[in-house]
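Analysis of the macromolecular model
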Amino acid sequence: MAMRYEPVLLKGIGEADLRDIRVYRERGGYKQLERAFRELSSAQVLDLANASGLRGRGGAGFPTGRKWQFLPANGAPRYMVCNCDEAEPGTFKDHTLLEETPHLVLEGILIGAYGIGCHHAFIYIRGEFKRGYEIMRRAVDDARAAGFIGKNLFGTGYDLEFTIHRGAGAYICGEETALLNSLEGKRGEPRLKPPFPAVEGLYKAPTVVNNVETLAYLVPILERGAEWFAGVGTERSKGFKIVSVSGHVRKPGNYEVPLGVSVNELIELAGGPREGRKVVAVQPGGGSSAAIFEEHFDLPYDYESMTKAGSMLGSGAMVVFDDTTDFVKAAHSLVRFFAHESCGQCTPCREGGHWLERTLARLVAGYGLQSDIDVLESVSHQMTGLNLCALGDSIEPFLASVVKRFRPQFEARVRRNGAS
Amino acid sequence: MSDFAALREELQPECEALIAQYPDKRSALLPIVHLFQARQGYVTRDAMWACAEMLELTPAVVESTVSFYTLFFRRPVGKYMLQVCRNLSCLLNGAETVMAAFRDKLGIGHLQTTADGLFSYEEVECLAACDRAPCMQVNLEFVYDLTPAAIDDMLAAMRGGTYPVAPLPQTAKPARTWAVAADGEVALGDKSPGAENASDPNNAGGIGDRSGVIMLDRILAEQSRFTGRTRERLPNEPPAAMREIAQEEAGHAH
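Calculation rules
Residues numbered from 1 in each chain as written. Chains lettered and ligands numbered in written order. Predicted model: local features only at pLDDT ≥ 70, side-chain atom pairs only at ≥ 80, totals over all residues. Heavy atoms only, no water. Helix = DSSP H or I, 4+ residues; strand = E, 2+ residues; numbered from the N terminus. Rg over C-alpha atoms; globule rule 2.2 N^0.38 Å. Buried < 20%, exposed > 50% of the residue type's maximum accessible area, 1.4 Å probe, protein only. Contact = heavy atoms within 4.5 Å. Areas by Shrake-Rupley, 256 points an atom, 1.4 Å probe, with all protein chains shown as cover. Domains from an automatic or database assignment. Buried area = accessible area lost by both parts, 1.4 Å probe. Salt bridge = Lys/Arg side-chain N within 4 Å of Asp/Glu carboxyl O. Polar contact = N/O pair within 3.5 Å; in protein donor to acceptor, adjacent residues only side chain to side chain. Nonpolar A, V, L, I, M, F, W, Y, C, P; charged D, E, K, R; others polar. Axes fitted to C-alpha atoms, helices over the stretch in contact; angles between N-to-C directions. Left-handed = near helix turned anticlockwise from the far one by under 90°. Phe/Tyr/Trp six-rings, centres within 6.5 Å; stacked < 30°, edge-to-face > 60°. Lys NZ or Arg CZ within 6 Å of the ring centre and 35° of its normal. Core = buried A, V, L, I, M, F, W, Y, C linked by side-chain atoms within 4.5 Å. Pairing = 2+ DSSP bridges.

Before going further, it helps to spend a moment on the overall build of chain A. For chain A, the count of helices and strands is 18 helices and 10 strands. Radius of gyration (C-alpha) of chain A: 22 Å, near the 22 Å computed for a compact globule of 420 residues. Structurally, chain A occupies a C-alpha span of about 80 × 50 × 35 Å along its principal axes. For chain A, buried positions account for 63% of its 420 residues. Taking all contacts inside chain A whose residues are at least 6 apart in sequence as the whole, residues at least 24 apart take part in 70%. Roughly 15100 Å² of accessible area belongs to chain A as shown, and the carbon and sulfur atoms make up 50% of that amount.

Structure representation (structure tokens):
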């Protein structure tokens, strides 16, 4: 029997219309923003982020406070950009937060912006989230009217401007330097790093790019204390995480849990497998993560355990596969995704993804060659580590893991000589 | 004053407000293109030139940027842009049935528009609504938990003008239509394969993409060039199904 957990960010969703600023404020909204401005210095907000152990919830899992500390301490102009370009296959948490509780997202961004001492914050919203964009626009107008955005906030003399930027369809813009290019009105192509955005980001100024969920957690951290957040989870994976569970489960959805609950428990929370079915594989961290299998389902769901199992926690998108799954089709679907979303700058990613997709399409159609299976492994392996960003490296994990585990499924798609 | 000049004059204040939001005016490119597309249905050459002028960029830079993004349509599209998710979680929950239903009912395939200009159809990547798979967007509004029956109702409502999502403006005749137009003109046939055999269960996962099969066909045709270099012996005779496909392809060629 799965335990239920008290939601933190998802609290109140479905009970009240949190898009209404009055409702949000009645429930304690914007109190932490006010407290941050009135009672805390930027350095104290940064200390809280550090002490909470909060790590980036967008995929990389980098400690948030440390990311902020990479900014030069000279007080030069800097920017905070919230990354809401959610498009990792299987991930749908930012979409929910944006549409259901936009003021929490906004409050988190504004607190983060104050924490790094910037005076202009941005949110980059995926082009497909047209409704979310409209909801956020209203939220920003209401917050501005209430005095939470603009000049001389809370009478402290601190100015903070806010801009919503809407993308136009490109997964790669979730990569932080591609996002910055897109925000600058350019093609969404990742930049060569270094320099990292903390040194040279938006408009060549030091910039922090943080995920929606990461920034939203700043609000409860300020409210309940860094110790409260750090006291939840495991030693190195602290706090809560919204896990988007989808695929072959009875109740797909967002489940907010303390890091370190078991993979099995998450599957149970999502209603368990369908009637009479057995889960044979789970992709624990979005389309870029390797599959894990039955022997891993007792592992705690945290950054370290998932890495140790040969995968990653990533964005917290858990796709569940039962024993009816056609893994050749599943692999084809993801490889096609990365091939489609490659920006084309780096040859290994552009060409490798394209040819892997075609090879897999041939296998799906049942016209594969025996050598195709080795080609899948060698090409995906060789294209890894040779690209400007992580997109080209994202094909190998899932593909290699399912080819290894379910090789007979791939072999069954090979056309034998003489067969009709 | 031309129609476009009037539109530009009308949108000028909004464009200026967008530019003012950013420390650098080039940042306003995507929002301004969105603005024009929302009025014209697609990104026209006029709109790109206007952006170039307003933001002090070359038209080539504007077009290069616009062409990077899939939600900027560079050709006229149908009044209803149907974008069905083909990614993993939807696939595990019946997206193939949904895609086959759309292809059958509309008679068109991926990236094509019906001859009456009403529907454009596209199979897109993850829309971040995997908890309500299979899902799609109609003119960027989400539709969840799709079933073939729901698709029937949806298309009927769109044809009858009662669908709750507003149609896109259409300021030019759509390109890339598949069927022969009513006036007898043979429309531009997009040869992306699949529309013609959407319901074939052997068709690469119902994805309408036979490129792998076609590729193998080409390999077989050029077999002699690779003799001794391929790692295994290829079948001498293409299987019957492949011959049919090859004939079909030949039939479509100009």
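Right, picking up where we left off after that structure.
Moving on to the domain arrangement of chain A. Residue and element names in this part refer to chain A. Looking at chain A, the domain boundaries give domain 1 (21–230), domain 2 (240–322) and domain 3 (327–411). A straight line from the C-alpha centre of domain 1 to that of domain 3 covers 34 Å. The interface is formed by 12 residues belonging to domain 1 together with 9 residues belonging to domain 3. The three residues of domain 1 that bury the most area against domain 3 are Y171, I172 and P190, which together make up 51% of that side's buried surface. Applying the counting criterion to the domain 1 and domain 3 interface returns 0 salt bridges. Applying the counting rule to domain 1 against domain 3 returns 2 residue pairs in polar contact (both at pLDDT 80 or more). The residue inventory of the side of domain 1 that touches domain 3, partitioned by class, reads 7 nonpolar, 1 polar and 4 charged.

For the rest of this paragraph, the subject is the pattern of salt bridges. Residue and element names in this part refer to chain A. What the rule picks out here adds up to 44 salt bridges over all chains. Note that R22 and D20 form a salt bridge whose closest N and O atoms lie 3.0 Å from each other. On the basis of relative accessible area, D20 is assigned to the buried category, the value being 17%. The partner of R274 in a salt bridge is D322, with the nearest N and O atoms 3.0 Å apart. Here D322 lies in strand β10 (residues 317–322) and R274 lies in the loop between α12 (263–269) and β8 (279–283), a separation of 48 residues in the sequence. The class of R274 is partly exposed, set by a relative accessible area of 31%. Because the salt bridges share partners, they merge into one network encompassing K93, D94, E213 and K241.

Turning next to unusual backbone geometry. Here the amide bond leading from P194(A) into P195(A) is cis, since omega sits at 5°, within 30 degrees of zero. By secondary structure assignment, the location of P195(A) is in the loop between α8 (176–183) and β5 (207–211). Cis peptide bonds are those with omega within 30 degrees of zero, and the linkage from A133(B) to P134(B) qualifies with -10°. Among the secondary structure elements, P134(B) is positioned in the loop between β3 (119–124) and β4 (136–138). With phi around 65°, L111(B) is a residue other than glycine that occupies positive phi space. Topologically, L111(B) is positioned in the loop between α6 (95–106) and β2 (112–113). Although it is not a glycine, L140(B) sits at a positive phi angle of roughly 70°. Residue placement: L140(B) occurs in the loop between β4 and β5 (141–143).

Looking at the secondary structure, you find S333(A) in helix α14 (residues 327–341). Apart from the residues within four sequence positions on either side, S333(A) is in contact with R86(B), N87(B), L88(B) and L91(B).

Moving on to the packing of α6(B) against helix α7 (residues 148–160) of chain B. Residue and element names in this part refer to chain B. At their nearest, the axes of α6 and α7 sit 10 Å apart, and the two run at 35° to each other. The crossing of α6 and α7 is right-handed. Two secondary-structure elements touch here, α6 through T97, V98, A101, F102, K105 and L106 and α7 through P148, I151, D152, M154, L155 and R159. In terms of residue class, the contact of α6 with α7 is built from 8 nonpolar, 1 polar and 3 charged.

It is worth spelling out the packing of aromatic side chains at this point. Scanning the model with the defined rule gives 29 aromatic pairs over all chains in all. Ring centres 5.5 Å apart and planes at 10° place the aromatic pair F142(B) and Y144(B) in the stacked group. Residue classification places F142(B) among the buried residues on the basis of a relative accessible area of 16%. The class of Y144(B) is partly exposed, set by a relative accessible area of 26%. Chaining the aromatic ring pairs together yields one cluster made of Y24(A), Y30(A), F37(A), Y114(A), F148(A), F154(A) and Y158(A). Here the guanidinium or amino end of R55(A) rests over the ring plane of Y303(A), the centre of that ring lying 4.1 Å away. Over the ring of Y133(A) we find R166(A); its NZ or CZ atom is 5.6 Å from the centre of that ring.

Another aspect to go through is helix α5 (residues 93–100) of chain A. When you tally the buried positions in α5(A), you get 7 out of 8 residues, the bulk of the element. For α5(A), every residue scored as buried is listed here: K93(A), D94(A), H95(A), T96(A), L97(A), L98(A) and E99(A).

Attention now goes to the nonpolar core. In a soluble, globular protein the nonpolar side chains are often hidden away together inside. One finds W68(A), M80(A), I123(A), F162(A), L82(B), F102(B) and V138(B) to be the most contacted residues of the largest nonpolar core, which totals 101 residues. The element best represented in this core is helix α6 (residues 102–116) of chain A, accounting for 9 residues. With residues near it in sequence (within four places) discarded, W68(A) still touches V45(A), L46(A), A49(A), M80(A), G112(A), G115(A), I116(A), V208(A), N210(A), L215(A) and L218(A). Counting 83 residues, the second largest nonpolar core, distinct from the first, contains A168(A), A205(A), V414(A) and L18(B).

Moving on to the sheet that holds strand β3 (residues 150–153) of chain A. Sheets are built from strands that pair by backbone hydrogen bonding, the pairs being arranged parallel or antiparallel. All names here are of chain A. With respect to topology, 5 strands assemble into an open sheet ordered β3-β4-β2-β1-β5, the strand pairing being mixed. Each end of this open sheet is capped by a strand with a single partner; those strands are β3 and β5. Strand-to-strand twist in this sheet, taken as the mean axis angle between neighbours without regard to direction, amounts to 25°. The pairing of strand β2 (residues 120–125) with strand β4 (residues 158–166) spans 6 bridges and is parallel. Residue pairing across strands places F122 opposite T163, the latter belonging to β4.

Below, the discussion takes up the sheet that holds β2(B). Residue and element names in this part refer to chain B. Reading across the sheet, the 5 strands line up as β2-β3-β1-β4-β5 and stay open at both edges, with mixed pairing between neighbours. Only two strands of the sheet have a single neighbouring strand rather than two, namely β2 and β5. Packed onto the sheet, α6 meets β1 (80–85), β3 and β4 and runs at close to 160° relative to β3.

What follows covers the interface of chain B and chain A. One frequently used descriptor of interface size is the decrease in accessible area upon assembly of the parts. Listed as interface residues are 58 residues of chain B and, on the opposing side, 74 residues of chain A. When chain B packs against chain A, the two sides together hide about 5400 Å² of surface, and 58% of this comes from carbon and sulfur. For the pair chain B and chain A, the interface holds 2 salt bridges. In this structure, E96(B) and K329(A) form a salt bridge, with 2.8 Å as the shortest nitrogen-oxygen distance. At the surface where chain B touches chain A, the tally comes to 22 residue pairs in polar contact (both at pLDDT 80 or more). Breaking the side of chain B that touches chain A down by element, the ones donating at least two residues are α2 (29–40), α4 (59–66), α5 (88–92), β5, α8 (211–221) and α10 (240–252) of chain B. Per-element tally for the side of chain B that touches chain A: the top contributor is α8(B), with 6 residues.

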